[in-house]
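# Examining the three-dimensional arrangement
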Amino acid sequence: MSQREFVVNQNDPFYIATKTVFDNWTALQLAVSNEFAGSETKEIAEWLLNATYQWIVETGDLDDDELEEFLFNTMNNEFNTIIEDNSCMQLSRLLLGYYGLYKANRIQELHDELMKRYSLAQGSIQASQKFKTEQDTSSEESANEDNDVEMDELVKPKNELSEQDAQNFEQVDEGWTFVAKSGKKLTK
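Quick summary incoming for the structure in this document. The shown structure was predicted, so the numbers you read here are calculated from the model rather than taken from an experiment. (Residues numbered from 1 in each chain as written. Predicted model: local features only at pLDDT ≥ 70, side-chain atom pairs only at ≥ 80, totals over all residues. Heavy atoms only, no water.)

### Quick notes on the overall build of the protein
For clarity, the cut-off: The way it works is that DSSP assigns letters per residue, a run of H or I at least four long becomes a helix, a run of E at least two long becomes a strand, and they are numbered from the N terminus. Exposure classes here rest on a 1.4 Å probe applied to the protein chains alone. A residue is buried below 20% of its type maximum, exposed above 50%, and partly exposed in between. The contact criterion used is simple: two residues touch if any of their non-hydrogen atoms lie within 4.5 Å. The Shrake-Rupley method, run with a 1.4 Å probe, gives the accessible areas here. Residue values count only the displayed protein chains as cover.
The number of helices and strands found in the protein is eight helices and two strands. Helices and strands in the protein line up, N terminus first, as α-α-α-α-α-α-α-α-β-β. Across the 188 residues that make up the protein, the buried fraction comes to 26%. When contacts within the protein are restricted to residue pairs at least 6 apart in sequence, long-range pairs at least 24 apart make up 59% of them. Element-wise, carbon and sulfur atoms account for 47% of the exposed surface of the protein, whose accessible area totals about 13900 Å².

### Some remarks on the pattern of salt bridges
Formally: When a carboxyl oxygen of Asp or Glu lies within 4 Å of a side-chain nitrogen of Lys or Arg, that pair is called a salt bridge.
Tallied over the entire structure, the rule returns four salt bridges. Here glutamate 109 makes a salt bridge to arginine 106, at a shortest N to O gap of 2.9 Å. Among the residues examined, arginine 106 registers a relative accessible area of 39% and is labelled partly exposed.

### Topic: unusual backbone geometry
Unusually for a residue other than glycine, asparagine 80 sits at a positive phi of about 55 degrees. Within the element layout of this structure, asparagine 80 appears in the loop between α4 (64–79) and α5 (87–103). If you check the backbone angles, asparagine 105 has positive phi at about 60 degrees while not being a glycine. Within the secondary structure, asparagine 105 sits in the loop between α5 and α6 (107–146).

If you want it as structure tokens, here you go:
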């Protein structure tokens, strides 16, 4: 009995859904961008995508707990990343839900769901980039204002005790640093 080799169809709507989910999975994208699996990180991420797609399609009635465990163990074993944010559970449910739509031939509904989710992710990314740009602009403005600080303030050590603070402490031994409740680092 010969077994046919599974061929990944990158134009398949469920493959596109799986790829979209993986492309927007923060933990996986951080692992890939920081090469948590070494020099072959991108290849391993591609393998994870294809293996997940194949397993769901070939099994047909995969349990979300099994898929969650697979994603968790793969992230741990292949990418040296322990997922503690329940994203493996969320992804497994999401992917199996998308597969249910795909199997029921509700391709338009699958497409609409992906577009809604993906456009929300794109909106978040654009908002984040806009916020960073605004932060950079305001940092430059405050840096210009900070240049007006008097020279004696720049020379004064930041962790020096004021006279009042020094009176509140009987002794601060050399080499030790005491952190007060207010969060001030005090040394004498």
